[in-house]
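As a plain string of letters, each chain reads:
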Amino acid sequence: MIEARIHKKLIAAGGEFSLSAELNIPKGSLLTIYGPSGSGKTSLLRSLAGLLTPDKGFISYQNNTWFNSEKKINLPPQKRNIGYVFQDYALFPNMTVKENLEFASNKLNRKSTVDELLSAMHLMELENRKPDTLSGGQKQRVALARALAQKPDVLLLDEPLAALDTSMRTGLQAYILKAHKKEGLTTILVSHDVTEIMKLSDITIILQDGQISQIGPPGELFMEKHISGKFQFTGTVLQLIKQDVIYIVNVLIGKNVIKVVAHPAEIDGIQPGDKVVVASKAFNPVIYKIT
Ligand SMILES: Nc1ncnc2c1ncn2[C@@H]1O[C@H](COP(=O)(O)OP(=O)(O)OP(=O)(O)O)[C@@H](O)[C@H]1O
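Going by what an unreviewed UniProt entry lists, the chain is known as ATP-binding cassette domain-containing protein and is assigned to Muriicola soli.

In structure tokens:
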């Protein structure tokens, strides 16, 4: 269990605000953090990792104190056994892909751990390359592999799949979930992708202006529970997924994701990011772009 009470004054462009979060995360959970840009998601992860010192509060993992402002305890990051995938990857530039992983892994089973991760992340062909010769998506895969190589207790992921295309993203989502379960990790994932959150996490917190505004299973926070026969909503297209001869369109409406079944002709010209209206016509869903 991670128990944390974190209070930290942050300075945004518009002035000071307080990050103030109380978390009890059972060991083995996969918790996601969702919220607008600047709401404090990265600062919360950095506080847990020991990279940002809270003004007040405490953090413990399995009853071991990592931070306690009153008792003046503040374990450095390397004593917290955390794997961290940063938004900007933070790879060692002078080491190859393989050396980055070897550096992070323990001596015990180093070779098998590194080889397994290189293979799982499709990095075998890149193992002798230096980070500055890799694409953003490739760097992100190396960063994820390196975080797992150190066999952490707690895995902190700051939008780890943001730079990847859909098929790589889907593959790595499955791999994260597998590693999370196999290693019994406690994982905290920052994501803006509601579909990803729904797929991966047991529990989600929504952070707004440094405060937890909602907490619960993502299905409850994001899914529309009572869709009536007659409805008309505006939303943003998240994803179009081809399934045989039809498309499944994931549309974000408020905080809810609606799945609309559409024929190719209906979604002609519609792309992720477009604002659309989802309505019903004779009990069939229709979708059209707002121009
Ligand atoms: N060490 C710090 N001291 C004071 N303020 C900080 C510090 N680090 C970040 N901030 C400020 O805190 C605010 C929240 O930043 P943070 O990176 O935690 O947000 P975020 O929710 O992760 O955003 P994004 O989704 O864009 O990554 C920002 O306005 C930032 O400038």
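Having put the structure on the table, let's press on.
## Digging into the environment of Lys259
For Lys259, the position within the fold is in strand S14 (residues 256–262). Owing to a relative accessible area of 54%, Lys259 belongs among the exposed residues under this scheme. Dropping the residues within four chain positions of it, Lys259 is found in contact with Ile248, Val249 and Asn250. A distance of 3.0 Å separates the side chain of Lys259 from the side chain of Asn250, its partner in a polar contact.

## Regarding the environment of Arg146
One can find Arg146 in helix H4 (residues 136–149). Residue classification places Arg146 among the buried positions, given a relative accessible area of 9%. Distance from Arg146 to Pro77, taken between C-alpha atoms, is 16 Å for residues 69 residues apart in sequence. Apart from residues lying up to four places away in sequence, Arg146 is in contact with Tyr89, Ala90, Leu91, Phe92, Asn100, Leu101 and Ala104.

## Considerations on the pairing of strand S13 (residues 246–253)
Counting buried positions along S13 gives eight out of eight residues, so the element sits mostly inside the fold. Covered by surrounding structure in S13 are Ile246, Ile248, Asn250 and Leu252 together with Tyr247, Val249, Val251 and Ile253, the residues of both alternating faces. The pairing of S13 with S14 spans seven bridges and is classified as antiparallel. By the bridge assignment for S14, Ile248 is matched with Val261.

## Some words on the pattern of salt bridges
Throughout the structure, instances matching the rule amount to eight salt bridges. Note that Glu116 is salt-bridged to Lys182, the shortest N-O span being 3.7 Å. Residue Glu116 is found in helix H3 (residues 110–120), and its partner Lys182 is found in helix H5 (residues 166–182); the two are separated by 66 residues along the sequence. Among the residues examined, Lys182 registers a relative accessible area of 56% and is labelled exposed. It is possible to trace a salt-bridge network through shared partners that takes in Glu116, Lys151, Lys182 and Glu183.

## A few points about the site of the ligand
With respect to spatial proximity, 15 residues lie near the ligand, and among them Ile11, Ser37, Lys41, Thr42 and Ser43 are the closest. Contact distances for the ligand include 2.6 Å between an oxygen atom and a side-chain N or O atom of Ser43. Starting from 640 Å² of accessible surface for the ligand in isolation, the protein chains cover 69%. Looking at the shell around the ligand, the elements that each hand over two or more residues are strand S1 (2–12) and helix H1 (41–49). For the shell around the ligand, the class distribution of residues is six nonpolar, eight polar and one charged.

## Quick look at the packing of helix H2 (residues 97–104) against H4
Each pair of packed helices can be described by the angle between their axes along with the distance between the axes. At their nearest, the axes of H2 and H4 sit 7 Å apart, and the two run at 25° to each other. The orientation of H2 relative to H4 falls into the category roughly parallel. Crossing geometry of H2 relative to H4 is assigned as right-handed. The residues of H4 that touch H2, namely those facing Val97, Asn100, Leu101 and Ala104, are Val142, Ala145, Arg146 and Ala149. Residue composition of the contact of H2 with H4, by class: six nonpolar, one polar and one charged.

## What to know about the packing of H2 against H3
At a minimum axis separation of 10 Å, H2 and H3 run at an interaxial angle of 135°. As summarised for this structure, H2 and H3 are arranged oblique, according to the angle between their axes. Viewed along their axes, H2 and H3 form a crossing whose handedness is right-handed. For the pair H2 and H3, contact is made by Val97, Lys98, Leu101 and Glu102 and by Arg110, Val114, Asp115, Leu117 and Leu118, respectively. Of the residues assigned to the contact of H2 with H3, the class counts are five nonpolar, no polar and four charged.

## Considering the side chain of Ser191
Checked against the element boundaries, Ser191 lands in the loop between strand S9 (186–190) and helix H6 (194–200). Here the side chain of Ser191 touches Asp193 through a polar contact of 3.0 Å, landing on its backbone nitrogen. At 3.0 Å, the side chain of Ser191 forms a polar contact with the side chain of Glu196. Apart from the residues within four sequence positions on either side, Ser191 is in contact with Ile33, Tyr34, Glu159, Glu196 and Ile197.

Each value, and the rule that gives it
Residues numbered from 1 in each chain as written. Predicted model: local features only at pLDDT ≥ 70, side-chain atom pairs only at ≥ 80, totals over all residues. Heavy atoms only, no water. Helix = DSSP H or I, 4+ residues; strand = E, 2+ residues; numbered from the N terminus. Buried < 20%, exposed > 50% of the residue type's maximum accessible area, 1.4 Å probe, protein only. Contact = heavy atoms within 4.5 Å. Polar contact = N/O pair within 3.5 Å; in protein donor to acceptor, adjacent residues only side chain to side chain. Pairing = 2+ DSSP bridges. Salt bridge = Lys/Arg side-chain N within 4 Å of Asp/Glu carboxyl O. Near = heavy atom within 4 Å. Areas by Shrake-Rupley, 256 points an atom, 1.4 Å probe, with all protein chains shown as cover. Nonpolar A, V, L, I, M, F, W, Y, C, P; charged D, E, K, R; others polar. Axes fitted to C-alpha atoms, helices over the stretch in contact; angles between N-to-C directions. Parallel < 35°, antiparallel > 145°, perpendicular 65-115°, else oblique. Left-handed = near helix turned anticlockwise from the far one by under 90°.

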